[in-house]
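# Residue-level structural notes
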Amino acid sequence: MEFNPFVKKYSKNVKRVALVYPNRYVGGISNLGMQYIYFAINELEGLICERFYADVFDGFRSLESGTPLNKFDLALFSLQYELDYFKAVEIAKKFSGLKIAGGPCVMINPLPIKKYFDAFFIGECEDYIQEIVKAKRIEDLEGIPGIYTGKEDKVKRIHSELGKHIEREIIGDGAYGRCFLLEIGRGCIRKCRFCVVRQIYSPPRWRKIEDLPEVKYVEKVAIIAPSPTDHPQFKEIVERYTSLGFQVSPSSIRADAVDEELLEILSRTSNSLTLAPETASEKLSEILQKNISFEDIISVAEMSKGRFEKIKLYYMIGLPGESFEDVLQILDQAEKVKKIVGRVEISVNPLIPKPHTPMQWLPFGGKVELRDGIDELRKKMKLIKKECRKRGIELQMESLKEFEVQAVLSRGEEDVSKIFERQKIDFEKYLGAIEIENTLPWDFIDHGYSKERLKKEYEKIWEILNSEAGNIK
Ligand code: SF4
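Report on the accompanying structure. (Residues numbered from 1 in each chain as written. Predicted model: local features only at pLDDT ≥ 70, side-chain atom pairs only at ≥ 80, totals over all residues. Heavy atoms only, no water.)

Turning our eyes to something else, we now look at the overall build of the chain. Summing up its helical and strand segments, the chain has 16 helices and 18 strands in all. At 23 Å, the chain has a C-alpha radius of gyration in line with the 23 Å of a compact globule built from 473 residues. Principal axes of the C-alpha set define a box for the chain whose edges measure 70 × 55 × 40 Å. Looking at the 473 residues of the chain, the share that counts as buried comes to 59%. In the chain, the proportion of contacts linking residues at least 24 apart, taken out of those at least 6 apart, comes to 73%. Surface summary for the chain: the accessible area is close to 20,600 Å², and the carbon and sulfur share equals 48%. Distance from the positive charge centre (73 side chains) to the negative charge centre (75 side chains) of the chain: 4 Å. (Helix = DSSP H or I, 4+ residues; strand = E, 2+ residues; numbered from the N terminus. Rg over C-alpha atoms; globule rule 2.2 N^0.38 Å. Buried < 20%, exposed > 50% of the residue type's maximum accessible area, 1.4 Å probe, protein only. Contact = heavy atoms within 4.5 Å. Areas by Shrake-Rupley, 256 points an atom, 1.4 Å probe, with all protein chains shown as cover. Lys, Arg positive; Asp, Glu negative; His and termini not counted. Charge placed at Lys NZ, Arg CZ, Asp CG, Glu CD.)

See below:
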């Protein structure tokens, strides 16, 4: 049951815009970008926007009125995860109107799905959405900043200023529960080498405390930002809403930004804590530049004792120079946390060397020989499962194949679209190491960073590996 959707009745001559989230409702309703677009379009005279989710009428009828997709004039797709492409393509193929896709996957590399859409919007669309939805033909889109139709040689990614927060949101049962989504920042001040956020959402921006809204009709506030604890007034924001009686939950917190006071505030309304150490090995942490030490995690666990029932930890494997001992260190760290707090859950994912990051040239699996890397990943995943069972650690880990597909969809070119036609594709072409001097398929997207800087950081990874005598074999 939703609260607050726009009730706008269709009448003749009104343009219908379909807003498509090709995954489950629970994720879509928790996406602030979707919420913003929905309200911005519905505010306009002569336009009506309705939502489509993969698990509501199988994605082919709108949530609001059950209207079939084909009655709409324009469809906007929000692509948040590469694996959503399968559903997005299924829907796009059956829609004959103008189709435009946006979202982080598009900002990274839209080539694998290029043939299914008329245009892409590369960036944050707040400032241009009302102009975009007025388009009747592809030609009307040409020249709008951030639009990529396939003809442009280069596209500059667009970012917006963070002004006043939206006051009105649809409240549904989303990924964070029934809550108000409070976006306090975009971009990130950190320099983690595996992470694409600092490139595709640069520059880092914080929303001022005075631009945050009064929250009504819900009991919970979910604080959204890539690294919320880096907001200079993070504690004040949390305090402001908890003191008004709201349950407050940040999308994530950094272990090195935590102190007793913050944990005390958070524990008033939550019984679990989530951290992302990514690795438990000192050497690998230096490579990732995440700068969270083994001790940082143990120290948060100590402070959490008696305050939280469970700690959830996110890790990556398949890193360059990673040994089986490094993987065992993850399990040792998780076991220590369990002994202190009582319960621990770990989520372990293979690293996907994402476009636009200093790791983009690396092979999937972290070994020079792709096959060796994949075989070793398989063994490491088996080891993790076995050790978790033995040590009483709760584990969340998807299949290796799923990550291979995700990596290919992230790094691929237009020929990868064959995967949506159930044809074979050359996985190795896109999973292997990339020559540093090669032009990259996604180089046409200008995120404002210097490729030379990324190259230097990539070389730094090798310097660290060589100095540790931990060369990739
Ligand atoms: S991993 Fe988190 S802290 Fe690091 S750059 Fe990305 S968003 Fe920022």
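That shown, we press on.
What follows is about the site of the ligand. In the vicinity of the ligand, the contacting residues are C188, R190, C192, F194, C195, P226, R254 and K290. Split into classes, the residues belonging to the shell around the ligand amount to five nonpolar, no polar and three charged. (Near = heavy atom within 4 Å. Nonpolar A, V, L, I, M, F, W, Y, C, P; charged D, E, K, R; others polar.)

Moving on, we come to the packing of helix α11 (residues 294-304) against helix α12 (residues 324-341). Relative orientation and spacing of two packed helices are given, respectively, by the angle between their axes and the distance between those axes. Where α11 meets α12, the axes come as close as 8 Å, and the angle between the chain directions of the two elements is 15°. Compared by their axis directions, α11 and α12 come out roughly parallel. Between α11 and α12 the crossing geometry is right-handed. Where α11 abuts α12, its residues F294, I297, I298, A301, E302 and S304 lie against Q329, D332, Q333, K336, V337, I340 and V341. In terms of residue class, the contact of α11 with α12 is built from seven nonpolar, three polar and three charged. (Axes fitted to C-alpha atoms, helices over the stretch in contact; angles between N-to-C directions. Parallel < 35°, antiparallel > 145°, perpendicular 65-115°, else oblique. Left-handed = near helix turned anticlockwise from the far one by under 90°.)

The biggest cluster of nonpolar side chains holds 108 residues, and the ones touching the most others in it are F77, I346 and F364. In this structure, I346 is in contact with L313, Y315, I330, L331, A334, I384, C388, I393, E394, L395 and Q396, ignoring residues within four places of it in sequence. Counting 32 residues, the second-largest nonpolar core is a separate cluster that includes Y25, M34, I37 and I144. (Core = buried A, V, L, I, M, F, W, Y, C linked by side-chain atoms within 4.5 Å.)

Quick look at the sheet that holds strand β14 (residues 272-278) now. If you trace the four strands from one edge of the open sheet to the other, you get β14-β15-β16-β17, paired in parallel fashion. Looking along the sheet, the strands with just one partner apiece sit at the ends: β14 and β17 (394-396). For this sheet the average axis-to-axis angle between neighbouring strands, irrespective of direction, equals 20°. In the sheet, β14 pairs with strand β15 (residues 310-317) via five bridges, with the strands oriented parallel. Across the sheet, the residue bridging to L273 is I311, located in β15. (Pairing = 2+ DSSP bridges.)

Read these as spatial facts, not as claims about activity.
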